Amino acid sequence: MSHELRTPLNSLLILAQLLAQNPTRNLTPKQVEYAGIIHSAGSDLLQLINDILDLSKVEAGKMDINPERVHLPQLLEYVDATFRPMTTQKSLDFTVTTAPDAPDDLLTDDSRLRQILRNLLSNAVKFTERGGVELRIEPATAPELPAGVSRRGPMLAFRVRDTGIGIPEQQLESVFGAFQQADGTTSRKYGGTGLGLSISREIAQLLGGAVTAESTPGQGSTFTLYLPVSRADYEDAPPADEAVTASPEGTSATGEPGRRDTPALPAQRRTRRLLVIEERPNGLLSLVAESADRDFAPHPHAPGERGGIQVVGATSSREAAAALASDAFHCVVLELDMPDGEALRFLDALDGDPALSSLPVLAHNNPRVRTGREEALRERAASRRVELLSSLDELRERIALHLSAEQPGDVLPLVHPDARQQDAHVPDGDLAGRTVLVVDDDARNLFALSGVLELHGMRVLHAEDGRKGIDALTGNADVDLILMDVMMPELDGYAATAEIRRMPAYEALPIIAVTAKAMPGDREKSLAAGASDYVTKPVDADDLIARVRHWLTR
């Protein structure tokens, strides 16, 4: 079922991403925006699919729990970077506090804890129009623990308070049902599927805790997650630091178990510096940058530097010039509405330095910028690598995209109104001319994957199932790599891969399996059958190319 849901979504997201990049510069800005909306809507659909699959896993008793030592300061930094931009956009107060007697860490499943907090905090922000949202972490007292929660050890309470619309008392329990919200009107006005709270409560119970709710209509709500600080059956879990650095023991570049000879991609280990220029220190754009930075490197290592990402702030063109003179930066985030023309002054200084000609500048185009200045900036954007972005969500996505690039300037800039055809994408020197065989029974996926590969100058061969894939391989001696879907009629990807590996001529041929990550055992079966690597559906175009490049340039 997971495969059938993800396969059509896979081609939708890939093709939308290709359109949004506009490599041939033949789309208008509005058309690029349409493609971005398609990609965003598809991503929302993917989240819905993930929620439904999570709920079904819990109900079937199939959800895995991976306990590890979770450090609360690191967790709070993640929460702040994720939700402060959202609350700032809505002009809401946002506070995150910890009681003095709260422990520094707890033993639980980090990813599941973050999932619950994301659900609770996202709801709080969504249903609050004025006032604020607060996350308070403190030890729970025995009398307040709900029935069914073990009282054998210390418990921690994560309280999410908001000043939103509130929930009538008679509906407090119903909001925890699947596909339920307080009432139909709420669903129409605020959207959402009503799955988040249901999943959160089920996961909390798996972790040995519970989720409760208190609310007053018109005044706000408090949702509390209770979790044990530790559990006897978790005591043998490895520390979080060991879990993060476990890649030499069989973890692939995505952080999932894989082949030992698949190293993490170098692009995720190199330090990247991001320069944020805005009127106020640690302002809104810095928060957006930190949020994008978290997506790129989810495990912080030191203050100011998150897993190889360093965010540097500047409040004037002079400070920015000094920063650029002292360090190399991957890209610049610029607030256009700075007083006294600081933004234009910075761009003038940048134009005067040939060494910085390829440095990307992501400029936030505040709607309050005067028309004349905006036109001047648009003219400047056409002459150098300046991207004008009016949406904070789009800015966040572009920051993450630039941070994931191997070199500054590797990411294609967004199209400008007067872009010309001669700016078309130049084929990748490492990949151009190489031949890739794509084996997939879905014509949409064949088309989408071919588009990604051909954009980098590769020749693509197609096959509709494993048997035809083997025939295509033996009939074309110049195949350099195979992309193999795992679920196909006639001969599936596992059997086809195993049969290819039994042929002496193809023992070392790179084969990348295309799996549905929600399907238990897909990854292990693919690697056991002889796949060199794997990507998960929906396939991310940048991740796919990174893996193809890794195997073709070894």
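The notes below deal with the structure included here.

Thresholds applied
- Residues numbered from 1 in each chain as written.
- Predicted model: local features only at pLDDT ≥ 70, side-chain atom pairs only at ≥ 80, totals over all residues.
- Heavy atoms only, no water.
- Helix = DSSP H or I, 4+ residues; strand = E, 2+ residues; numbered from the N terminus.
- Buried < 20%, exposed > 50% of the residue type's maximum accessible area, 1.4 Å probe, protein only.
- Contact = heavy atoms within 4.5 Å.
- Areas by Shrake-Rupley, 256 points an atom, 1.4 Å probe, with all protein chains shown as cover.
- Pairing = 2+ DSSP bridges.
- Axes fitted to C-alpha atoms, helices over the stretch in contact; angles between N-to-C directions.
- Salt bridge = Lys/Arg side-chain N within 4 Å of Asp/Glu carboxyl O.
- Phe/Tyr/Trp six-rings, centres within 6.5 Å; stacked < 30°, edge-to-face > 60°.
- Lys NZ or Arg CZ within 6 Å of the ring centre and 35° of its normal.
- Core = buried A, V, L, I, M, F, W, Y, C linked by side-chain atoms within 4.5 Å.
- Arc of directions from axis to C-beta.
- Polar contact = N/O pair within 3.5 Å; in protein donor to acceptor, adjacent residues only side chain to side chain.

Right, let's get into the overall build of the protein. If you tally the helices and strands in the protein, you get 17 helices and 17 strands. Counting every position in the protein, which comprises 554 residues, the buried fraction comes to 51%. Counted over contacts in the protein with a minimum sequence separation of 6, partners at least 24 positions apart contribute 74%. Taken as a whole, the protein presents about 25,500 Å² of accessible surface, with 50% of it coming from carbon and sulfur.

The subject of this paragraph is the sheet that holds strand 2 (residues 93-98). With mixed pairing, 5 strands are arranged side by side in an open sheet as 2-4-5-7-6. Because the sheet does not close on itself, it has two edges, and the strands there are strand 2 and strand 6 (210-216). Pairs of neighbouring strands in the sheet enclose a mean axial angle of 15°, with direction left out of account. Note that strand 2 and strand 4 (residues 132-139) share 6 bridges and pair parallel. Paired with Asp-93 across the strands is Gly-132, a residue of strand 4. Seen against the sheet, helix 6 (residues 196-206) touches strand 6 and strand 7 (220-228) and runs at an angle of roughly 135° to strand 6.

As enumerated under the stated definition, the model contains 18 salt bridges in all. In this structure, Glu-129 engages Lys-90 in a salt bridge whose closest nitrogen and oxygen atoms are separated by 3.9 Å. With Glu-129 in the loop between helix 4 (110-126) and strand 4 and Lys-90 in the loop between helix 3 (72-89) and strand 2, this residue pair connects regions lying 39 residues apart in the sequence. For Lys-90, a relative accessible area of 26% corresponds to the partly exposed category. Between Asp-110 and Arg-114 there is a salt bridge, and its shortest N-O distance comes to 3.3 Å. Taken together, the positions of Asp-110 and Arg-114, both in helix 4 and 4 residues apart, correspond to about one turn of that helix. A relative accessible area of 7% means that Asp-110 is categorised as buried. Note on Arg-114: relative accessible area 8%, which makes it buried. Within the structure, one salt-bridge network assembled from shared partners comprises Arg-136, Glu-138, Glu-144 and Arg-159.

With that settled, consider the environment of Ser-91. Note on placement: Ser-91 falls in the loop between helix 3 and strand 2. Under the relative-accessibility criterion, Ser-91 is labelled exposed at 64%. Separated by 39 residues in the primary sequence, Ser-91 and Arg-130 place their C-alpha atoms 7.4 Å from one another.

Tallied over the entire structure, the rule returns 0 aromatic pairs. The cationic tip of Arg-114 hangs over the ring face of Tyr-78; the distance from NZ or CZ to the ring centre is 4.3 Å.

Right, let's talk about the nonpolar core for a bit. One finds Leu-135, Phe-158 and Leu-225 to be the most contacted residues of the largest nonpolar core, which totals 44 residues. Looking at this core element by element, the count peaks at 7 residues for helix 4. Core analysis: the next-biggest nonpolar cluster, separate from the first, contains 25 residues, Leu-431, Leu-449, Leu-455 and Leu-552 among them.

Moving on to helix 14 (residues 466-474). Every buried residue of helix 14 is accounted for by Gly-466, Gly-469, Ile-470, Ala-472 and Leu-473. What you see down the axis of helix 14 is that its buried residues fit within an arc of 160°, all on one side. Structurally, helix 14 contributes buried residues whose contacts are with strand 13 (435-439), strand 14 (459-463), strand 15 (481-485) and helix 15 (493-501). Capping the start of helix 14 is the job of one residue whose side-chain oxygen sits 3.0 Å from the backbone nitrogen of Arg-467: Asp-465.

The next point concerns the environment of Val-439. Inspection of the secondary structure puts Val-439 in strand 13. Classification of Val-439 as buried rests on a relative accessible area of 1%. Taking the C-alpha atoms as reference points, Val-439 and Gly-469, separated by 30 residues in sequence, lie 5.8 Å from one another. In contact with Val-439, other than residues within four places in its own chain, are Ala-463, Asp-465, Gly-466, Gly-469, Ile-482, Leu-483, Met-484, Asp-485 and Met-488.

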